[in-house]
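# Architecture at a glance
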Amino acid sequence: MESGGDEFEKTVAERLRALRAERGLTLDALADLSGVSRAMISRVERAEASPTAALLARLCSALGVSLSVFFDTKTRKASPLARRADQPVWRDPDSGYLRRAVSSPTGTGAGSGSAVDIIEVEFPAGAEVRFPGRLTRRNQTQHVWVFDGEIVMTVGEEVHHLSAGDCLFMNVADVHGYRNPGTVAARYAVVINLGS
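The model shown is predicted, which means the values in this text are computed figures rather than measured ones. (Residues numbered from 1 in each chain as written. Predicted model: local features only at pLDDT ≥ 70, side-chain atom pairs only at ≥ 80, totals over all residues. Heavy atoms only, no water.)

## Things to note about the overall build of the chain
In terms of helices and strands, the chain carries 5 helices and 10 strands. Taken across its 196 residues, the chain has 47% of its residues classed as buried. (Helix = DSSP H or I, 4+ residues; strand = E, 2+ residues; numbered from the N terminus. Buried < 20%, exposed > 50% of the residue type's maximum accessible area, 1.4 Å probe, protein only.)

Now the structure itself:
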């Protein structure tokens, strides 16, 4: 589901409305839970705004779903095999960050039966994503494993400079932001334990 203008925004709008309705949340309640303004949520639900990675992370956290679950809207039989062609892809309109949901966890249309979410990321040179405040109220942990390039992650009060081969473990809620200080795109995996 790579960002492609109006169609992408309509898909996000429909998915956000559906998840909010499934949970019986009003716009005001979702705004309170997520820290995203009611006006912005309303604009996203009307397909008038293209949400950034930071905004979607806040909404997904409040809705109790991962980004992989949010973007996997296809109804498919659960399978332990995730073919590349079936892996949802999304590009953040703000940073250019490209996210591929490699292995969809339980709870998606193509759930693998696992409580682990594996994401492949291509992060452009010079790009940055910031998360003001705590990302989630839930206790989820993740590993970030760098394959190519470098990224700088701010986790709690610490700043970690990661290069190819480095792997960092953290609580998802403690991530304040990340950036690519290099001159080439970084490629890394994010492995989230949804059951922790």
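There's more to say after this.
## Regarding the sheet that holds strand 3 (residues 116–123)
The strands that make up a sheet pair up through hydrogen bonds in the backbone, lying either parallel or antiparallel. Sheet architecture is open: 6 strands sit in the order 1-2-3-10-5-8, paired in antiparallel fashion. Sheet topology places strand 1 (89–91) and strand 8 (167–171) at the edges, where each strand pairs with a single neighbour. Within the sheet, the average angular offset between the axes of one strand and its neighbour, ignoring direction, is 20 degrees. The pairing of strand 5 (residues 141–148) with strand 10 (residues 186–193) spans 7 bridges and is antiparallel. (Pairing = 2+ DSSP bridges. Axes fitted to C-alpha atoms, helices over the stretch in contact; angles between N-to-C directions.)

## Quick notes on unusual backbone geometry
Positive phi, close to 60 degrees, is recorded for A47, a residue that is not glycine. As for its placement among the helices and strands, A47 is situated in the loop between helix 3 (38–45) and helix 4 (53–63). Since its relative accessible area comes to 23%, A47 is described here as partly exposed.

## Quick look at the packing of aromatic side chains
Considering all chains together, one arrives at 6 aromatic pairs under this definition. Note on Y97 and Y178: the rings are 6.2 Å apart at their centroids and 40 degrees apart in plane angle, and the pair reads as tilted. Residue Y97 is found in the loop between strand 1 and strand 2 (98–103), and its partner Y178 is found in strand 9 (residues 175–179); the two are separated by 81 residues along the sequence. Y178 carries the same exposure label as Y97, and that label is buried. (Phe/Tyr/Trp six-rings, centres within 6.5 Å; stacked < 30°, edge-to-face > 60°.)

## Section: the environment of A189
Here A189 lies in strand 10. Considering only alpha carbons, one finds A189 and Q142, 47 residues apart in sequence, at a separation of 10.0 Å. Aside from chain neighbours lying at most four places away, what touches A189 is I119, H143, V144, W145 and F147. (Contact = heavy atoms within 4.5 Å.)

Coordinates in, geometry out; function isn't part of it.
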